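These are the residues of each chain, in order.
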Amino acid sequence: MNFNYSSFLDSLSSEAWKKIGTKRRAGVLTPLFSIASEQSVGVGEIPDLVLLADWCRRCGMSLIQLLPLNDVGDRFCPYDAESSFALEPMHLSMNNLRGVASKKQASQISALRKKFPMGTTRFDTRVKEEKLKQLRKIFADIPKKAPRSFEVFKVQHRSWLVSYAIFKVLKQRMKKAAWEVWPEPLRHREEKALLDVQKENADEIEFYQWVQWQLFCQFQDTAKKIRKKKVLLFGDLPFLVARDSADVWANPEYFKLDRSAGAPPDLYFAEGQEWGMPPYDWAAMAASGYTYLKEKIKFAANFYDLFRMDHFVGLFRVWTFPREASADGRRRAAFDPPDEAAWDAQARRILNAVLDKSLMLPCAEDLGMVPDQAKATLKEYAIPGMEVQRWMRDWETSTDFRSPENYRACSVVTISTHDMSSFENWWQFEMGTVGESFVRRKFGEKGLDFEQEAVKLFESTVGVHGRLRWKSSLRDVSLLPVLLGRSPEELREIMELFRTTADEKEQFWKFLGLKGQPDTEATRTVIEKALEKASESASIFSVQSIQDLLALDRVFGKNVEPDARFNQPGIKDDKNWRLRVPISLEKMCRLAGNGRILRMHKRTDRG
């Protein structure tokens, strides 16, 4: 492999690149809740990351990319947290508390470990409340004279810590109601009302700050141990903030509370998507010198060497909906700012503020509809974007998969993201298929009876796992207008789907360099070839999900369930954000497949 990344050192992110170097690296992506050691209690804990680093070393990897680790409240979605600063308490190890004799807690910790056993493919969210109960007991038993380091922590992080602790207390008092419906004095943070809350709940407020101090200490100590192993931590900072969060309650002036952020209409969402988070008021943010943003970056830099900028294009513009309908009953969404000429300057001001306060290397989630300004800015700043293998195709002509050597050098390549199906599931359940709901909608728009007409194109009108599979006998896109009795223009979107998906598996098989007919299942050979192709790419970083890497050892079983994934976007159920590896990190370190992964990374100059 002879790729040259030296130009990154002459970019606007040069100082960050100098800190981590411009070597080719491989890494793993995982939520912390997905991994655990034999010492963990019910869910992955911060010190477990040291063992994960050991596993990475055995596999020739030097990057650990984590999903956000902020306090998720009782929503358990890492991108909908109650704070952009506060860390998630369920990840605190009770075996490693500052100023606490762990032997005294041994029996209680053991009991919790039995109550929430490991080995399942989803963690039990009740473990959070149980751990908090135990932590309250521990806090009540410790001497009231706080350690000096705790007092220093409270002073250094006062800008967010006090408001967060008060917010948590009020959420309890208001029975989890959103802050926007709290009594007016609390909603508007009137000084007397807040002082009363602090006086009446001093111990509970102190408890929340103590838990955050413990988490901070554990995470800093863990990050130092990982760096000594020459492994870098790659964090994830969500672009938007939950409306019902300590951040928005404490800093409403930085948000446009009369609007809701989302994504513009596309092929799959005709009305666009509305996420519910308030967009930033960048003018107010700029007037303050981007203090709030800089504080977030500064806090994250205590732990991470790189960080993912979620929804990078949002720095340029955000698709927003008014919260209230207009006089005609409609809610007209639009880009903010509306003037495209303002997008580039806005993004550059924000990026300069980010880079001014940190030597962490920013990496961009630049998927979806990316404006030209964003592409140029990424290149100028040498900020790695994302290359998703299954989407890297010549969409305009042949739809062939693009050669990995032609991927962007300044990028992170992956075969699946946390919002996508695993490689195995894509291969077995999605290749050569289209979304049933989309086809039903398009048929309805054209006046076609779905039940009667769809059987002409698909194996069945009942989608398996929400997907419709094209008939194998249907080989020519020009047959679709004939079969459905509609003009090519009327069926343009359906025909485009056929063109890009019908032969998907055969095209990918060819891309992998394999002979004969594609396997029905994602065999070890297919998985390893896909991983190797990604690792061979020009991308400076190759970061693969723990689910895809462990598929080489069939850790999740030979036949993976369709819903065995970290997140199914647009779905709210008790399966999303719960998936975990069913074996311990100790066993992961002894897997036979580790050697194959190591050899692959050595062959591709990443080991």
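Let me begin by describing the structure that accompanies this report. (Residues numbered from 1 in each chain as written. Predicted model: local features only at pLDDT ≥ 70, side-chain atom pairs only at ≥ 80, totals over all residues. Heavy atoms only, no water.)

Regarding the sheet that holds strand β9 (residues 361–364)
The strand order across the open sheet built from 8 strands is β9-β6-β3-β2-β1-β14-β11-β10, with neighbouring strands paired in parallel fashion. Each edge of the sheet is formed by a strand with only one pairing partner; in this case those strands are β9 and β10 (385–388). Taking the axes of each pair of neighbouring strands and ignoring which way they run, one obtains an average angle of 30° across the sheet. Relative to strand β14 (residues 541–545), strand β11 (residues 411–414) runs parallel, the two sharing 2 bridges. (Pairing = 2+ DSSP bridges. Helix = DSSP H or I, 4+ residues; strand = E, 2+ residues; numbered from the N terminus. Axes fitted to C-alpha atoms, helices over the stretch in contact; angles between N-to-C directions.)

A few points about helix α6 (residues 158–173)
An ideal rise of 1.5 Å per residue puts 22 Å on 16 residues; α6 measures up with 22 Å between its terminal C-alpha atoms. Along α6, 12 of the 16 residues are buried, which leaves the element largely enclosed by surrounding structure. Residues of α6 that are buried make contact with α5 (148–156), α7 (184–187), α8 (191–200), α9 (202–228), α10 (246–250) and α12 (291–300). Lys175 sits one or two residues past α6 and shows a positive phi near 55°. (Expected span 1.5 Å × (residues − 1). Buried < 20%, exposed > 50% of the residue type's maximum accessible area, 1.4 Å probe, protein only. Contact = heavy atoms within 4.5 Å.)

Structural notes on the side chain of Ser11
Examined against the element boundaries, Ser11 turns out to sit in the segment before α1 (14–20). Here Phe8 takes part through its backbone oxygen, which lies 2.7 Å from a polar atom of the side chain of Ser11. A polar atom in the side chain of Ser11 sits 3.1 Å from the backbone nitrogen of Ser13. In contact with Ser11, not counting residues within four places along its chain, are Trp17, Glu380, Tyr381 and Ala382. (Polar contact = N/O pair within 3.5 Å; in protein donor to acceptor, adjacent residues only side chain to side chain.)

Considering helix α20 (residues 504–511)
Buried residues dominate α20, accounting for 6 of its 8 residues. Within the sequence span of α20, burial applies to Glu504, Lys505, Gln507, Phe508, Trp509 and Phe511. Elements that come into contact with the buried residues of α20 comprise α15 (423–430), α19 (492–501) and α21 (524–536). Gly513, located one to two residues past α20, shows a positive phi value of around 80°.

Quick look at the packing of helix α13 (residues 343–356) against helix α14 (residues 372–381)
Running from amino to carboxyl end, α13 crosses α14 at an angle of 30°, the nearest separation of the two axes being 10 Å. Classified by the angle their axes make, α13 and α14 are roughly parallel. The two elements α13 and α14 meet at a crossing, and its hand is right-handed. Contacts from Trp343, Asp344, Arg348, Leu351, Asn352 and Leu355 of α13 reach α14 at Gln373, Thr377, Glu380 and Tyr381. Among the residues forming the contact of α13 with α14, the class breakdown is 4 nonpolar, 3 polar and 3 charged. (Parallel < 35°, antiparallel > 145°, perpendicular 65-115°, else oblique. Left-handed = near helix turned anticlockwise from the far one by under 90°. Nonpolar A, V, L, I, M, F, W, Y, C, P; charged D, E, K, R; others polar.)

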